[in-house]
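Notes for the structure review
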Amino acid sequence: MDYATAWFYFSAFLLGMYLAFDGFDLGIGTLLAFVKDQRDRDVLINTIAPVWDGNEVWFITWGAGIFAMWPALYATLFSTFYLAVWLLAFLFIFRAVGFEFRNRNKALWDKLFALVSALIPLVIGVIVGNLIMGIPIDANGFHGSLLTLFRPYPLIVGLFVLFAVTWHGANWGVYKTTGKLQEELRGYAFKFWVLTVVFLLLTVIGMKIWAPLRFERALSTVGLGLTLIILVAGLLDGYLIKKGVEKLAFYISWLAFPLVVFLVYYSMYPNWIISTTDPNFKLSIHALAASPLTLQAVLGVSVILAVIIMAYTLYVYRAFGGKVESTEGYY
């Protein structure tokens with residue numbers, strides 16, 4: 001395996017870790033729109049308060065890796081998804097502000113926090129959907145606007161990511177709470193699990209229709225194997241939710257994210273970007289990569305940093321383990 005390919009799949013690992021860890025944070029935020037009792041919303045915030053900012057380190061590391069290893073891709077993505085990237089940055093900033101300001105007017109800030117928490121995975125999914133489907137780009141640049149990015153297939157992928165993180169967040173809430181709130185979240189976990197499965201199927205069907213090149217690669221032995229594992233894990237999680245096996249249900253939804261990200265990356269290899277207007281225009285991971293020496297030198301350091309981040313993350317989760325029942329905390 002060459003270093004560009006190694007970095008390609010390492011970036012899949014980083015993005016998968018981000019969605020697995022910060023995904024349930026975003027899901028909890030989204031669920032604030034459905035939980036009516038103010039005390040219950042305070043408890044939900046307390047389940048993620050010690051870990052939410054640390055979870056975002058994975059996303060920062062992923063973005064830094066893209067910038068360092070594929071600077072030309074970074075430039076292309078920013079010019080193509082300029083407004084979408086700035087919208088995403090604004091949402092992340094506003095989300096952090098929401099944690100600090102919600103004690104001033106909880107009813108208002110919980111609604112805003114829920115909205116922002118829902119928009120972040122939706123926008124991430126739309127960007128990923130465009131990368132899967134391809135974009136109207138050629139040697140002269142991008143031929144479209146912000147609205148071009150919100151085509152049917154990217155929106156399907158965006159809704160899939162939104163429903164998936166909300167299902168994941170509900171699983172986390174069931175795992176961390178007790179009593180009436182836990183039962184309420186168990187109901188939401190099953191509902192959003194159903195929506196996640198439906199939109200996963202729509203995403204696969206849409207790939208066949210709108211992204212046949214990606215779909216063809218996904219039909220390989222590795223792609224079909226991953227798809228089967230994801231479907232079996234998803235169906236098992238629905239069973240576990242109904243049976244009340246809360247810990248294993250959360251672990252399965254956690255594992256689903258890196259598996260799905262790896263499948264998406266595998267279907268895209270070796271082209272980061274394909275054109276919907278010029279079939280001969282493709283931007284491969286090798287053509288856009290930094291020098292071999294840079295790829296080699298930074299990979300080792302990044303793997304070590306990833307191990308440190310994982311160790312710190314596991315320590316924090318262990319330190320703040322157990323059920324959350326108190327409304328007193330960081331809010």
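That block above? That's the structure.
Small disclaimer: the values here were computed from a predicted structure and weren't measured.

When you go through the protein chain residue by residue, the secondary structure sums to 14 helices and four strands. With the C-alpha coordinates of the protein chain rotated into their principal frame, the extents come out at 60 × 35 × 35 Å. Counting the 331 residues in the protein chain, one finds 54% classified as buried. Long-range pairs, those at least 24 residues apart, make up 82% of the contacts in the protein chain with a sequence separation of at least 6. Computed over 22 positive and 19 negative side-chain charges, the separation of the two mean positions in the protein chain equals 5 Å.

Right, let's get into helix H6 (residues 82-101). Helix length check: H6, at 20 residues, gives a terminal C-alpha distance of 28 Å against a target of 28 Å (1.5 Å per residue), a fit within 8%. Every buried residue of H6 is accounted for by Ala-84, Leu-88, Leu-91, Phe-92, Arg-95, Gly-98 and Phe-99. Looking down the long axis of H6, one finds its buried residues gathered within 120° of arc, a one-sided arrangement. The elements touched by buried residues of H6 are helix H1 (3-31), helix H2 (38-48), helix H3 (52-55), helix H4 (57-69), helix H7 (106-133) and helix H8 (146-149).

The subject of this paragraph is the packing of H1 against helix H9 (residues 152-176). Interhelical geometry of H1 versus H9 gives an angle of 85° and a closest axis separation of 6 Å. By the angle class used here, H1 and H9 are roughly perpendicular. Contacts between H1 and H9 involve Leu-19, Ala-20, Gly-23, Phe-24, Leu-26, Gly-27, Ile-28, Thr-30 and Leu-31 from the first element and Leu-162, Val-165, Thr-166, His-168, Gly-169, Ala-170, Trp-172 and Gly-173 from the second. Broken down by class, the residue content of the contact of H1 with H9 amounts to 10 nonpolar, seven polar and no charged.

Take unusual backbone geometry next. Geometrically, the link from Tyr-269 to Pro-270 is a cis peptide bond, its omega value of 5° lying close to zero. Within the secondary structure, Pro-270 sits in the loop between helix H13 (246-268) and strand E3 (271-274).

Before going further, it helps to spend a moment on a nonpolar patch on the surface. Together, Val-194, Val-198, Leu-201, Leu-202, Ile-205, Ile-209, Trp-210 and Leu-231 give the surface a local cluster of nonpolar side chains, amounting to about 650 Å² of exposed area. Looking at the nonpolar patch, the element that brings in the most residues is helix H10 (residues 179-210), giving seven residues. Of note, Ile-209 is situated in helix H10. Overall, the relative accessible area of 56% leaves Ile-209 in the exposed class.

We now examine the pattern of salt bridges. For the coordinates displayed, the defined rule picks out 10 salt bridges. Here Asp-110 ties to Arg-41 by a salt bridge, and the two come within 2.7 Å at their closest N and O atoms. On the criterion of sequence distance, the pair formed by Asp-110 in helix H7 and Arg-41 in helix H2 is long-range, its members being 69 residues apart. Across the pair, Arg-41 and Asp-110 agree in class, each one buried. Of the charged contacts, one joins Arg-95 and Glu-56 as a salt bridge, the two residues approaching to 2.5 Å between their closest N and O atoms. With Arg-95 in helix H6 and Glu-56 in the loop between H3 and H4, the pair connects residues that are 39 residues apart, well separated along the chain. Using a relative accessible area of 0% as the deciding quantity, one classes Arg-95 as buried. Several salt bridges converge on common partners, so that one network encompasses Arg-41, Asp-42, Arg-102, Lys-106 and Asp-110.

All right, on to the environment of Leu-26 then. Note that Leu-26 resides in helix H1. Judged by relative accessible area, Leu-26 falls into the buried class, the value being 0%. Sequence spacing of Leu-26 and Ser-117 is 91 residues, and the spatial spacing of their C-alpha atoms is 4.9 Å. If near-sequence neighbours (up to four positions away) are discounted, Leu-26 is found in contact with Tyr-18, Arg-95, Ser-117, Ile-120, Pro-121 and Val-165.

Another aspect to go through is the packing of aromatic side chains. Using the criterion set out here, one finds 40 aromatic pairs in the structure. Seen in terms of ring centroids, Tyr-18 and Phe-59 are 4.7 Å apart; in terms of plane orientation they differ by 45°. Their pairing is tilted. On the criterion of sequence distance, the pair formed by Tyr-18 in helix H1 and Phe-59 in helix H4 is long-range, its members being 41 residues apart. Each member of the pair, Tyr-18 together with Phe-59, is buried. These aromatic residues form a ring-pair network of at least three members: Trp-7, Phe-10, Phe-13, Phe-21, Phe-24, Trp-58, Trp-172, Tyr-175, Phe-250, Tyr-251, Trp-254 and Tyr-317.

Calculation criteria
- Residues numbered from 1 in each chain as written.
- Predicted model: local features only at pLDDT ≥ 70, side-chain atom pairs only at ≥ 80, totals over all residues.
- Heavy atoms only, no water.
- Helix = DSSP H or I, 4+ residues; strand = E, 2+ residues; numbered from the N terminus.
- Buried < 20%, exposed > 50% of the residue type's maximum accessible area, 1.4 Å probe, protein only.
- Contact = heavy atoms within 4.5 Å.
- Lys, Arg positive; Asp, Glu negative; His and termini not counted.
- Charge placed at Lys NZ, Arg CZ, Asp CG, Glu CD.
- Expected span 1.5 Å × (residues − 1).
- Arc of directions from axis to C-beta.
- Axes fitted to C-alpha atoms, helices over the stretch in contact; angles between N-to-C directions.
- Parallel < 35°, antiparallel > 145°, perpendicular 65-115°, else oblique.
- Nonpolar A, V, L, I, M, F, W, Y, C, P; charged D, E, K, R; others polar.
- Patch = residues over 30% accessible without salt bridge, like charges linked within 9 Å, V, L, I, M, F, W, Y side chains within 5 Å.
- Areas by Shrake-Rupley, 256 points an atom, 1.4 Å probe, with all protein chains shown as cover.
- Salt bridge = Lys/Arg side-chain N within 4 Å of Asp/Glu carboxyl O.
- Phe/Tyr/Trp six-rings, centres within 6.5 Å; stacked < 30°, edge-to-face > 60°.

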